[in-house]
Amino acid sequence: MAAQPTTVNVVLCGTGEYTTGFVHGKGSKSDKKVGVMGLTFFELRRLGKVGTIALAGTNGTKFPAIRQHLQKNISEVYAGLDVSCETFPKDDVAKQYDAYKEALDTLKPGDVTTIFTPDDTHFEIAKYAIERGIHVLVTKPPVKLLKDHLELIRLAEKHSVLVMVEYHKRFDPIYIDARNRMATKLGDFQFFQSFMSQPKFQLETFKDWAGKSSDISYYLNSHHIDVHCWGMQGKARPTRVVASGATGIANAEPYNCPASTEDTITLLTDWVNTGGNTGTALYTASWGAPKADVHSQQRFHYLGTKGEITEDQAHRGYQVCTDDDGLASVNPLYMSYLPGPGGHFNGHHGYGFKTPETFVDACARLNAKEVTLAELDGILPTLKATIPTTAILEAGRRSLDNKGAPVVFTYDEAGNISGFE
């Protein structure tokens, strides 16, 4: 049998901030002004790991401006970085919600797709790709409902494809160290508290879906819930969630989201260690923050019976001040956008880049039968490895929708969360 090719072709589903950095007719105001996924895959193509690249959105009339944005801010900035790609739908099509199907139909089994679209669209896009043997990298949360998460696991196993969730904090060297300490050095779990926020102006990007198809907890709490669940694998499991929310910003001028839209959401989550000792976690997410020295405040505190960890990801001891932008606490461990000495993209060390690169490498190894899906479940944030995160997020939404009522998990014989009481 001929060897499998080492390169894969890719369709990038979603053409917004995280893929291209292009939002509402211009470059984003956030820390991702040229995106992450598009830049990363153009660079992976330069490195010989990726073949053809296509973008799939819903509004083809945006593509001329997106191409100009990519040419000016990527191709003309980084040496040898070609941003040519096929686009779906065609430029004269103002609205086609299923354009991703036409794009994915150009791929063959073993190729890959990324899904960075509104949360309520992930399931159908992922399902369509999986059923065609296409490996999937999906943004967090992969889906909003536990039942959909479990169904995608079933489909991925049936079609022998990798579905990995883009939990990029798993590739941050400090978070990796913190996870390993939680898992091996600090005794039983007692307390975890996380906070993650983004500035109010980010609602300009999210107002089309905020409070309608998803919420701030799904969007931001997902990061640290996954980090905590990752550290607790084999040690402890969640049992109950009670949620609380605050309002007053998103539902007012100038954003005018639905009246019930929460600005800040906190999930109080009960845990039990394998030995029977109990623990408590507080996960808080907000888009009510003011503009500050960082785009996103993000930190956590972990307490075990034998030690603790305090981590402030927003402030890594590195500050930059310029006439144009003032003072900023920057984090090049995530994405480093400045070209290197040879003019090429120089951010290969960043965990924003490493996450999709690791996915592509894993898909190539899987295609070549050098690794199994079961082995990848043990080392990557696959669907099977991230069941508790989706369950906690859905439980939080259920609790909010029922005026803070507790939501209790049920478990199957294998020890996986199977539903809610």
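The structure we're discussing is the one just above.
The structure displayed is predicted, hence computed values, not measured ones. (Residues numbered from 1 in each chain as written. Predicted model: local features only at pLDDT ≥ 70, side-chain atom pairs only at ≥ 80, totals over all residues. Heavy atoms only, no water.)

> If you had to explain unusual backbone geometry to someone new, which residues and values would you point to?
Following Phe88, the chain continues into Pro89 via a peptide bond in cis, with omega recorded as 0°. Turning to its location among the elements, Pro89 is positioned in the loop between strand S5 (86–88) and helix H4 (99–104). Look at the link from Glu253 to Pro254: it is a cis peptide, with omega at 0°. Take Pro254: it is sitting in the loop between strand S10 (236–246) and strand S11 (264–273). The backbone of Asn256 sits at a positive phi, close to 55°, despite the residue not being glycine. Tracing the chain through its elements places Asn256 in the loop between S10 and S11. Here Asn256 falls in the partly exposed class, since its relative accessible area comes to 45%. With a phi angle near 55°, Lys403 is a residue other than glycine that sits in the positive phi range. (Helix = DSSP H or I, 4+ residues; strand = E, 2+ residues; numbered from the N terminus. Buried < 20%, exposed > 50% of the residue type's maximum accessible area, 1.4 Å probe, protein only.)

> Describe the packing of helix H2 (residues 37–46) against helix H10 (residues 351–367), and please don't skip the residues or the numbers.
The geometry of H2 relative to H10 is characterised by a closest axis approach of 10 Å and an angle of 55° between their N-to-C directions. For the element pair H2 / H10, the angle class is oblique. H2 and H10 meet at a crossing whose hand is right-handed. Here H2 contributes Met37, Thr40, Phe41, Glu43 and Leu44 to the contact with H10, which in turn contributes Gly352, Phe353, Pro356, Glu357 and Val360. Among the residues making up the contact of H2 with H10, the classes are represented as six nonpolar, two polar and two charged. (Axes fitted to C-alpha atoms, helices over the stretch in contact; angles between N-to-C directions. Parallel < 35°, antiparallel > 145°, perpendicular 65-115°, else oblique. Left-handed = near helix turned anticlockwise from the far one by under 90°. Contact = heavy atoms within 4.5 Å. Nonpolar A, V, L, I, M, F, W, Y, C, P; charged D, E, K, R; others polar.)

> Can you lay out the pairing of strand S15 (residues 319–322) for me, pointing to particular residues and giving the numbers?
By the bridge criterion, four bridges tie S15 to strand S16 (residues 326–329) in an arrangement that is antiparallel. Counted as the bridge partner of Thr322 is Gly326 from S16. If you look at the hairpin formed by S15 and S16, you'll find three residues sitting between the two strands. (Pairing = 2+ DSSP bridges.)

> Provide a residue-level description of the sheet that holds strand S7 (residues 135–138), including the pertinent values.
With parallel pairing, the six strands of this open sheet are ordered in space as S5-S4-S1-S6-S7-S8. The sheet terminates laterally at S5 and strand S8 (163–165), the two strands that pair on one side only. For this sheet, the mean angle separating the axes of adjacent strands, direction not counted, is 20°. In this sheet, S8 lies alongside S7 in parallel orientation, the contact comprising three bridges. Bridge pairing in S8 links Leu137 to Met164.

> Tell me about the side chain of Ser222, and please be specific about residues and values.
By secondary structure assignment, the location of Ser222 is in helix H9 (residues 216–231). Engagement of the side chain of Ser222 in a polar contact is seen with the backbone oxygen of Tyr218, the distance being 2.9 Å. Setting aside anything within four residues of it in sequence, one finds Ser222 in contact with Lys140, Tyr167, Ser217, Thr389 and Leu393. (Polar contact = N/O pair within 3.5 Å; in protein donor to acceptor, adjacent residues only side chain to side chain.)

> Give me the sheet that holds strand S17 (residues 407–411): which residues, what numbers.
Read from one edge to the other, the open sheet built from eight strands follows the order S14-S13-S9-S12-S11-S10-S17-S18, with strand pairing classed as mixed. At either end of the open sheet lies a strand with only one pairing partner, and these are strand S14 (307–312) and strand S18 (417–420). Along the sheet, successive strands turn relative to each other by an average axial angle of 15°, direction set aside. In this sheet, S17 lies alongside S10 in antiparallel orientation, the contact comprising two bridges.

> Describe the side chain of His224, listing the residues and the values that go with them.
Mapped onto the elements, His224 comes out in helix H9. Owing to a relative accessible area of 1%, His224 belongs among the buried residues under this scheme. Separated by 2.8 Å, the side chains of His224 and Tyr175 make a polar contact.

> So, helix H6 (residues 146–159): which residues are in play, and what are the values?
In this model, H6 (14 residues) spans 20 Å end to end at C-alpha, consistent with the 20 Å of a helix rising 1.5 Å per residue. Leu146, Asp148, His149, Leu152, Ile153, Leu155 and Ala156 are the residues of H6 that are buried. Of the surrounding secondary structure, the elements contacted by the buried residues of H6 are helix H5 (122–130), S8, helix H11 (373–377), helix H12 (387–401) and S18. Directly after H6, the chain includes Ser160, whose backbone phi takes a positive value near 55°. (Expected span 1.5 Å × (residues − 1).)

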